[in-house]
Amino acid sequence: MELGPYLLLATLEGAVTAAVLALTASGLALVFGVMRVVNVAHGEFFMLGAVIAWWVASHVGGAPAWGFAAALVLSPLIVGGIAAAADMTVLKRLEYDPERTIVATIGLLYILQQATLMTYGPDARPVEPPFNTRLALPWVEWTDGGLALYWPWGLSTTSYKLAVIGAAVVVLLGIWALLTRTRIGLLMRATQLDRDMALAFGIPVERVYALVFGLGAGLAALAAVLIVPIQQAHYLMGGDPLLLSFIVVIIGGLGSLPGTILAAVFIGLTDGIISVFFSPTLAKILATLLVAAVLVFRPQGLFGTRAA
């Protein structure tokens, strides 16, 4: 196979990574943008979403599609509820102090991880996808007679991977509509701009914070449900999503949702392409170097704004 088809295949794999990363990082950016809380436990909410998805799918009878559909609904709701409860019982009592909330979410990380290990076990377990048809991909080449379409051997993807990309786009558009077209989004944006003024106007800021924290965790759990049929649920799977989400949020600009999505697409595509042609380790090294360059030359991120 020529280089072009390999590049197309790597780009599709990178697009799946970018889709899942955009959902996960958007949750982290939303929490920081509204609450100014660095949620170090964000990766464990991702892990918890995958583990709950496995549990729900394995206990729902019938076709695999029924179990996956139930997991797609229940897992983000359960994880979001756990996150909202953690916000009301822990972060609220700390008055959302930046330093203390970092320590608290580190503690939450270990609690979730070890509780999952004790109940779920150390084994990685798969979730069967609702559909997984293998789709051959065409390629175009120049011939003596002009452009010719052919199907190279081995150049293919699955219908489920394409569905993951489409689902991520739909969810991200829904988040944008929620923030810009609804009353809840208006309350979130008002709280983000000026917490004290929002309190003066009677906005229930603590309820908004609990909703945002739960929504951010729910997005991470949703991303995990989408990716777990491709990967496997494991109690240590939250590390890479957390690292990549922080990289994306820093590059895009802290609290900037559009910047986060664009950075996720860039990091996801480059991670997929470099991982296919070279190694996943090299992809992580280059992403880390890019973060260092952004912090040196543009500390507020590519799409962030400087503090007044």
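This text follows the structure it describes.
Residues numbered from 1 in each chain as written. Predicted model: local features only at pLDDT ≥ 70, side-chain atom pairs only at ≥ 80, totals over all residues. Heavy atoms only, no water.

Visitor: Can you help me understand the overall build of the protein in this one?
Guide: When its secondary structure is counted, the protein shows eleven helices and four strands. The principal-axis extents of the C-alpha atoms in the protein amount to approximately 75 × 50 × 35 Å. Taking all 308 residues of the protein together, 46% fall into the buried category. Considering only contacts within the protein whose residues lie at least 6 apart along the sequence, 74% involve residues at least 24 apart. Accessible surface, the protein as shown: approximately 15,400 Å² in total, 69% of it carbon and sulfur. Seen as two clouds, the 15 positive and the 16 negative side-chain charges of the protein have centres 11 Å apart. (Helix = DSSP H or I, 4+ residues; strand = E, 2+ residues; numbered from the N terminus. Buried < 20%, exposed > 50% of the residue type's maximum accessible area, 1.4 Å probe, protein only. Contact = heavy atoms within 4.5 Å. Areas by Shrake-Rupley, 256 points an atom, 1.4 Å probe, with all protein chains shown as cover. Lys, Arg positive; Asp, Glu negative; His and termini not counted. Charge placed at Lys NZ, Arg CZ, Asp CG, Glu CD.)

Visitor: Even after reading the chapter, I still don't get the pattern of salt bridges, so can you show me in this structure?
Guide: Opposite charge on two side chains permits pairing when their charged atoms draw close. Taken as a whole and assessed by the stated rule, the structure comprises four salt bridges. A salt bridge links Glu13 to Lys161; the shortest N-O distance between them is 2.9 Å. Of this pair, Glu13 sits in helix α1 (residues 3-35) while Lys161 sits in helix α5 (residues 159-181), and the two are 148 residues apart along the sequence. On the accessibility criterion, Glu13 (27% relative accessible area) is partly exposed. A salt bridge links Asp271 to Lys284; the shortest N-O distance between them is 3.3 Å. Taken as a pair, Asp271 in helix α10 (residues 257-277) and Lys284 in helix α11 (residues 280-297) lie far apart in primary sequence, 13 residues in all. In this structure Asp271 comes out as buried when scored by relative accessible area, which is 11%. (Salt bridge = Lys/Arg side-chain N within 4 Å of Asp/Glu carboxyl O.)

Visitor: So what exactly am I meant to see when it comes to the nonpolar core here?
Guide: When a protein is soluble and globular, its nonpolar side chains tend to lie buried together. Among the nonpolar cores identified, the biggest contains 79 residues, and Met35, Phe45, Phe46, Val212 and Ile267 are the most heavily contacted of them. Setting aside anything within four residues of it in sequence, one finds Ile267 in contact with Leu21, Leu244, Ile247, Val248, Ile251, Ala287 and Leu290. (Core = buried A, V, L, I, M, F, W, Y, C linked by side-chain atoms within 4.5 Å.)

Visitor: It is not clear to me how unusual backbone geometry should be interpreted in this structure. Could you clarify?
Guide: A negative phi angle is the norm for most residues apart from glycine, just as the trans form is the norm for most peptide bonds. Although it is not a glycine, Arg36 sits at a positive phi angle of roughly 55°. Note on placement: Arg36 falls in the loop between α1 and α2 (42-59). Overall, Arg36 belongs to the partly exposed group, its relative accessible area being 43%.

Visitor: Where do I start with the packing of aromatic side chains in this structure?
Guide: Going through the model one piece at a time under the given rule, you end up with five aromatic pairs. The interplanar angle of 85° and the centroid separation of 6.1 Å between the aromatic rings of Phe45 and Phe213 together place this pair among those described as edge-to-face. Placement of Phe45 in helix α2 and of Phe213 in helix α8 (residues 205-227) is noted, with a sequence separation of 168 residues between them. According to the relative accessible area criterion, Phe45 is buried, its value standing at 0%. With 5.4 Å between their ring centres and 85° between their planes, Trp54 and Tyr120 make a pair best called edge-to-face. (Phe/Tyr/Trp six-rings, centres within 6.5 Å; stacked < 30°, edge-to-face > 60°.)

Visitor: So what exactly am I meant to see when it comes to the environment of Arg183 here?
Guide: Mapped onto the secondary structure, Arg183 falls in helix α6 (residues 183-193). You can call Arg183 exposed: its relative accessible area is 63%. Sequence-wise, Arg183 and Leu30 are 153 residues apart; in three dimensions their C-alpha atoms are separated by 16 Å.

Visitor: Is there a simple way to think about the packing of α1 against α10 in this case?
Guide: Describing two packed helices takes the angle between their axes plus the distance from one axis to the other. Close contact between α1 and α10 brings their axes to 6 Å; oriented N to C, the two are set at 145°. In this structure, α1 crosses over α10, and the sense of that crossing is right-handed. Its residues assigned to classes, the contact of α1 with α10 shows 19 nonpolar, seven polar and one charged. (Axes fitted to C-alpha atoms, helices over the stretch in contact; angles between N-to-C directions. Left-handed = near helix turned anticlockwise from the far one by under 90°. Nonpolar A, V, L, I, M, F, W, Y, C, P; charged D, E, K, R; others polar.)

Visitor: Please clarify how the environment of Thr24 should be interpreted in this entry.
Guide: The topology assignment puts Thr24 in helix α1. Put simply, Thr24 and Leu242 are 218 residues apart on the chain and 8.3 Å apart in space, counted from C-alpha to C-alpha. Setting aside residues up to four positions removed in sequence, Thr24 forms contacts with His42, Phe46, Ala220, Ala223, Pro241 and Ser245.

Visitor: Please explain the side chain of Ser245 as it appears in this structure.
Guide: Among the secondary structure elements, Ser245 is positioned in helix α9 (residues 239-252). Filtering out sequence-adjacent residues up to four positions away, Ser245 remains in contact with Leu21, Thr24, Ala25 and Leu28.

Visitor: In this structure, what is going on with α5? I would like to understand it.
Guide: Along an α-helix, residues three or four positions apart point the same way, because every turn accommodates 3.6 residues. With 23 residues, α5 ought to run about 33 Å at 1.5 Å a step, and its terminal C-alpha atoms sit 32 Å apart, in line with that. Those residues of α5 that fall on the buried side of the exposure criterion are Ser159, Tyr160, Lys161, Val164, Ala168, Leu172, Ile175 and Leu179. (Expected span 1.5 Å × (residues − 1).)

Visitor: Could you clarify how one ought to interpret α2 in this entry?
Guide: Look at α2: 26 Å from first C-alpha to last across 18 residues, which is about the 26 Å you get at 1.5 Å a residue. Among the 18 residues in α2, 13 count as buried, and that is most of the element.

Visitor: What is the right way to read a nonpolar patch on the surface from this model?
Guide: There is a patch of nonpolar side chains on the surface, built from Leu3, Tyr6, Leu7, Val276, Phe277, Phe278, Leu282, Ile285, Leu286 and Leu289 and spanning about 940 Å² of accessible area. Looking at the nonpolar patch, the element that brings in the most residues is α11, giving four residues. Here Leu286 lies in helix α11. Among the residues examined, Leu286 registers a relative accessible area of 39% and is labelled partly exposed. (Patch = residues over 30% accessible without salt bridge, like charges linked within 9 Å, V, L, I, M, F, W, Y side chains within 5 Å.)

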